[in-house]
Amino acid sequence: MIEINGKACSFEKGDTVLDVARANDIDIPTLCHLKDTTPTGACRICLVEADGANNLIASCDTPACEGMKVQTHSERVVAARKGILELLLSSGDHYCLLCESNGDCELQDLSIEYKADGRCLPETGRKSSVEDSDALILRDFSKCIHCGRCVKACNEIQMHDVLSFGHEEGSPKIFAGDNETLRESDCRFCGECVQACPTGALLEKKALGKGKVRDEQKVRTTCPYCGVGCQLWLHVRDDKIVKVTGVDEGLPNKGRTCVKGRFGYDFIYNKDRLTKPLIKQKNGEYKEAEWDETLDLIASKFQTFIEESGADSVAGISCARSINEDNYQMQKLFRTVFRTNNIDHCART
Ligand code: SF4
Ligand code: SF4
Ligand code: SF4
């Protein structure tokens, strides 16, 4: 057992103090901690006071030990967290009113909670660059707090090994490859780093300037691209999808997505999309038709082929992007109505 804020809590071998607190609904703030990855211990926001320890300890990488007594919000802890937030804010350009992440930023949330504004320390004067060369992800290093969540997301969740900690002109910086732009590196543009970032340092470019976070609605859906069935949140503003994130607790993807699931949603707004069936005319041109007319034509053609040449003269290939139920019905139609086993699936071809 350990005691957190006077509450006795059981733990398993290998649990950190943070793990035990979270399992018991005890709040300890974090910035660098990323679920399902190894502890980073970089931001120190999760400091707690442990009886018998001279210094405050980082709860995210301190193992729970039998008999430990911990305070998560003592005066000393709160003052230390506020000091850390002041340092983080003053080391970058954190003008929230001008930031795309205003209202959707963990650093901002904690700064409000701990009444830190970064003004009690002089600005560092350090100039940080903005990497804006890629079509999908914007990297604004002036808002980076070097928490390393993006590094963990890339290397330990997606296993892409693109990002790493480094230094440029004496200041810490997150490198892509050999300090390349994302486009020049081996980045797969899965966007996991953007989803993990607790500040406005990593942004999805397609969401920029598209309404306010506070007006956003989240709609849960299943990714339409392949048969894996990843669970997604569609972030909708003014009736338009502005970005996509993975559903943390959703199986099978547990919050992850590939590049298609994350960024490939614009096609639904493409004006060239077919919204009505087209029937090919004798002169080779296509003419728009109603569904009833189209389905009658298809049924009559099948009937003619089967009557003239037998059931095995027709075959069906169903679509990997359709739902299981539709694929089931497709094979049922061919086997029980047309009486042929000529049925296959595009994922096998
Ligand atoms: S990154 Fe967060 S704290 Fe910094 S300016 Fe943007 S909203 Fe504010
Ligand atoms: S988009 Fe994916 S592959 Fe590219 S840096 Fe981010 S996490 Fe790594
Ligand atoms: S880019 Fe974001 S996630 Fe990566 S270190 Fe900076 S603040 Fe953290």
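Worth saying up front: this structure is predicted, and the values here are computed from it rather than measured.

Trainee: Teacher, can you tell me more about the site of ligand 2 here?
Mentor: What surrounds ligand 2 is the set Ile137, Cys154, His160, Leu163, Leu182, Cys187, Arg188, Phe189, Cys190, Gly191, Glu192 and Cys193. A breakdown of the residues in the shell around ligand 2 according to their chemical character gives eight nonpolar, two polar and two charged.

Trainee: In this structure, what is going on with a nonpolar patch on the surface? I would like to understand it.
Mentor: On the surface, Tyr95, Leu97 and Leu98 cluster together into a nonpolar patch covering about 430 Å² of accessible area. Relative to the elements of secondary structure, Tyr95 occurs in the loop between α2 (75-90) and α3 (106-113). Overall, the relative accessible area of 46% leaves Tyr95 in the partly exposed class.

Trainee: So what exactly am I meant to see when it comes to the pattern of salt bridges here?
Mentor: When charged atoms on two side chains of opposite charge get close, those side chains can pair. Within the structure shown, the criterion is met by 14 salt bridges. Across the salt bridge formed by Lys205 and Asp132, the nearest N and O atoms sit 2.7 Å from each other. Here Lys205, found in the loop between β10 (202-204) and β11 (217-222), pairs with Asp132, found in the loop between β6 (130-131) and β7 (137-140); they are 73 residues apart in sequence, far enough to count as distant. Owing to a relative accessible area of 21%, Lys205 belongs among the partly exposed residues under this scheme. Ionic pairing is found between Glu216 and Arg237, a salt bridge with its closest N-O pair at 2.7 Å. Here Glu216 is found in the loop between β10 and β11, whereas its partner Arg237 is found in strand β12 (residues 231-237), with 21 residues between them in sequence. Neither Glu216 nor Arg237 differs from the other in exposure class; each is buried.

Trainee: Where do I start with the domain arrangement of the protein chain in this structure?
Mentor: Accessible area lost upon the coming together of the parts serves often as the stated size of an interface. Each domain of the protein chain was delimited in the assignment, giving domain 1 (2-73), domain 2 (211-273) and domain 3 (278-348). Look at where the C-alpha atoms of domain 1 and domain 2 centre, and you get two points 34 Å apart.

Trainee: Can you help me understand the site of ligand 1 in this one?
Mentor: Lining the immediate surroundings of ligand 1 are His94, Tyr95, Cys96, Cys99, Ser101, Asn102, Cys105, Leu107, Gln108, Lys143, Thr199 and Gly200. Along the lines of polarity and charge, the residues of the shell around ligand 1 split into five nonpolar, six polar and one charged.

Each value, and the rule that gives it
Residues numbered from 1 in each chain as written. Chains lettered and ligands numbered in written order. Predicted model: local features only at pLDDT ≥ 70, side-chain atom pairs only at ≥ 80, totals over all residues. Heavy atoms only, no water. Near = heavy atom within 4 Å. Nonpolar A, V, L, I, M, F, W, Y, C, P; charged D, E, K, R; others polar. Patch = residues over 30% accessible without salt bridge, like charges linked within 9 Å, V, L, I, M, F, W, Y side chains within 5 Å. Areas by Shrake-Rupley, 256 points an atom, 1.4 Å probe, with all protein chains shown as cover. Salt bridge = Lys/Arg side-chain N within 4 Å of Asp/Glu carboxyl O. Helix = DSSP H or I, 4+ residues; strand = E, 2+ residues; numbered from the N terminus. Buried < 20%, exposed > 50% of the residue type's maximum accessible area, 1.4 Å probe, protein only. Domains from an automatic or database assignment.

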